[in-house]
Structure formats: C-alpha cells, structure tokens
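So the chains spell out like this:
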Amino acid sequence: VFQSQAEPKPGDLIEIFHILGIAHWAVYVGDGYVVHLGPPGEIAGITLAKFMASGSEGAIVKKELLSKVAGKRKYRVNNKHDRKYSPLPPSKIVRQAEEKVGQKIFYKLTSDNCEHFVNELRYGVSRCDQSLCRPVRLGGDVAAMTVTPGPSRSSIGMKASQKRRQLS
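Cut-offs and rules
- Residues numbered from 1 in each chain as written.
- Predicted model: local features only at pLDDT ≥ 70, side-chain atom pairs only at ≥ 80, totals over all residues.
- Heavy atoms only, no water.
- Buried < 20%, exposed > 50% of the residue type's maximum accessible area, 1.4 Å probe, protein only.
- Helix = DSSP H or I, 4+ residues; strand = E, 2+ residues; numbered from the N terminus.
- Pairing = 2+ DSSP bridges.
- Axes fitted to C-alpha atoms, helices over the stretch in contact; angles between N-to-C directions.
- Parallel < 35°, antiparallel > 145°, perpendicular 65-115°, else oblique.
- Left-handed = near helix turned anticlockwise from the far one by under 90°.
- Contact = heavy atoms within 4.5 Å.
- Nonpolar A, V, L, I, M, F, W, Y, C, P; charged D, E, K, R; others polar.
- Arc of directions from axis to C-beta.
- Core = buried A, V, L, I, M, F, W, Y, C linked by side-chain atoms within 4.5 Å.

**Brief notes about the pairing of strand E3 (residues 33-38)**
Most of E3 sits out of view: five of its six residues are buried. Relative to E3, strand E2 (residues 23-30) runs antiparallel, the two being bridged by four bridges. If you follow Ala 26 over to E3, its bridge partner there is His 36. Between the antiparallel neighbours E2 and E3 lie two residues, among them Asp 31 with a positive phi of about 55 degrees.

This is the structure:
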C-alpha cells in the first residue's frame with residue numbers, strides 16, 4: 001500500500017485513491033483512526049466505491065482504522081488548501097469530527113460528498129475539487145455528472161439538463 005511521505009497527524013486530510021480518478025476523503029484523528037463518510041448501516045456486500053457511486057442521499061459518519069478504510073488502495077496526506085485557507089487547530093478538527101461520529105448526514109456525490117465533509121472540518125469551508133463536483137458546460141446547458149456502478153466497475157455517464165443549479 002502506497003503511503004504518503006508524511007505520516008498523518010491529527011487533523012490531516014487523507015486522500016484515498018479509487019477507480020476512475022475518484023477519491024475518497026477522510027480526516028485523521030490519531031492512533032491509526034480516521035473519520036469519514038460511509039454507507040448507512042451495515043449494507044451487506046456494499047463496497048465503499050459502490051456506495052460513493054450509488055447516488056445515495058444519506059451517509060453515516062464513521063470512525064474506523066485507516067488501514068480498514070483504505071484496504072489495498074493507495075492513500076496520502078493531502079492538506080492541499082493550507083495555503084488558501086487557514087486550517088483550524090488540530091484539536092478542534094478532531095473534536096468536531098468525533099462529535100459527528102454516528103450521525104446520518106445528507107450525501108450527494110456531486111455536491112455534498114466526503115471531500116466537502118473533510119474540508120468543512122479542517123478549514124470551515126465546504127468544497128470539492130474533483131471533476132465530478134464541477135458542472136460541465138455544453139453550450140448554454142450544464143451537464144450533470146453521474147457515476148453509475150457496473151457489474152465489475154463504475155462508469156461515468158453524462159446527462160445534459162437545462163439550467164442546472166451551478167456548483168462553485
């Protein structure tokens with residue numbers, strides 16, 4: 001398993017690489033644990049990738065070992081917005097993250113996902129930089145990106161829609 005050069009410290013954001021360039025995000029809270037968004041309940045046989053692609057509108061905030069969340073996937077510490085935004089103190093990031101554990105929160109792959117969640121915890125700013133979070137312009141229309149799970153892997157499809165709510 002690839003690990004970043006830096007060992008995670010409490011409050012660090014962890015980027016876990018998935019198929020098709022979609023990343024899962026978590027916040028490191030110490031002692032090998034992360035807080036992240038996962039599928040609601042214990043859905044038998046569902047993988048994190050299928051949950052991320054499912055379009056589910058609910059997620060549970062979970063505290064789990066980073067090694068369990070990442071599995072065999074590569075991951076790294078990625079506090080990419082530290083120059084743009086001042087990170088909150090690590091103790092506050094960890095406290096806020098742990099207070100949310102067990103809560104069911106709204107989840108939408110394109111606008112309220114795990115990257116939005118961890119950036120809100122670290123910087124107080126909800127944002128996502130992945131391509132799936134940005135609207136794609138086709139003439140005057142906005143194409144909404146959707147991720148649909150297939151039998152063995154996810155595939156990305158585009159669906160044009162009239163004047164969709166613009167995401168920033």
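**What about the sheet that holds strand E5 (residues 75-77)?**
Pairing in this open sheet of six strands is antiparallel, and the strands run E5-E1-E2-E3-E4-E6 from one edge to the other. A strand with exactly one partner marks an edge of an open sheet, and here the two such strands are E5 and strand E6 (104-106). Between one strand axis and the next, the sheet turns through 35 degrees on average, direction left out of account. The pairing of strand E1 (residues 13-17) with E5 spans three bridges and is classified as antiparallel. The residue of E5 that forms the bridge with Ile 16 is Tyr 75.

**Examining the packing of helix H3 (residues 90-100) against helix H4 (residues 114-123)**
Packing of H3 against H4 leaves a shortest axis separation of 8 Å and a crossing angle of 135 degrees. Classed by the angle they form, the pair H3 and H4 counts as oblique. Considering the relative orientation of H3 and H4, their crossing is right-handed. Contact residues: H3 offers Ile 93, Gln 96, Ala 97 and Lys 100, while H4 offers Phe 117, Leu 121 and Arg 122. In terms of residue class, the contact of H3 with H4 is made up of four nonpolar, one polar and two charged.

**Here's the deal with H3**
Taken together, the buried positions of H3 are occupied by Ile 93, Val 94 and Ala 97. When H3 is viewed along its axis, its buried side chains cluster within an angular range of 95 degrees and face the same direction. Away from its buried face by more than 90 degrees, H3 exposes Ser 91 and Glu 99. Looking one or two residues beyond H3, the residue adopting positive phi is Gly 102, at roughly 95 degrees.

**Topic: the nonpolar core**
Counting residues in hydrophobic clusters, the biggest one holds 18 residues, and the most contacted among them are Val 27, Val 35, Leu 37 and Phe 117. Broken down by secondary-structure element, the contributors of at least two residues to this core are E2, E3, strand E4 (58-65), H3 and H4. Ranked by residues supplied to this core, first place goes to H4 with five residues. Within the second largest apolar cluster, 10 residues are counted, among which are Leu 66, Val 69, Ala 70 and Tyr 75.

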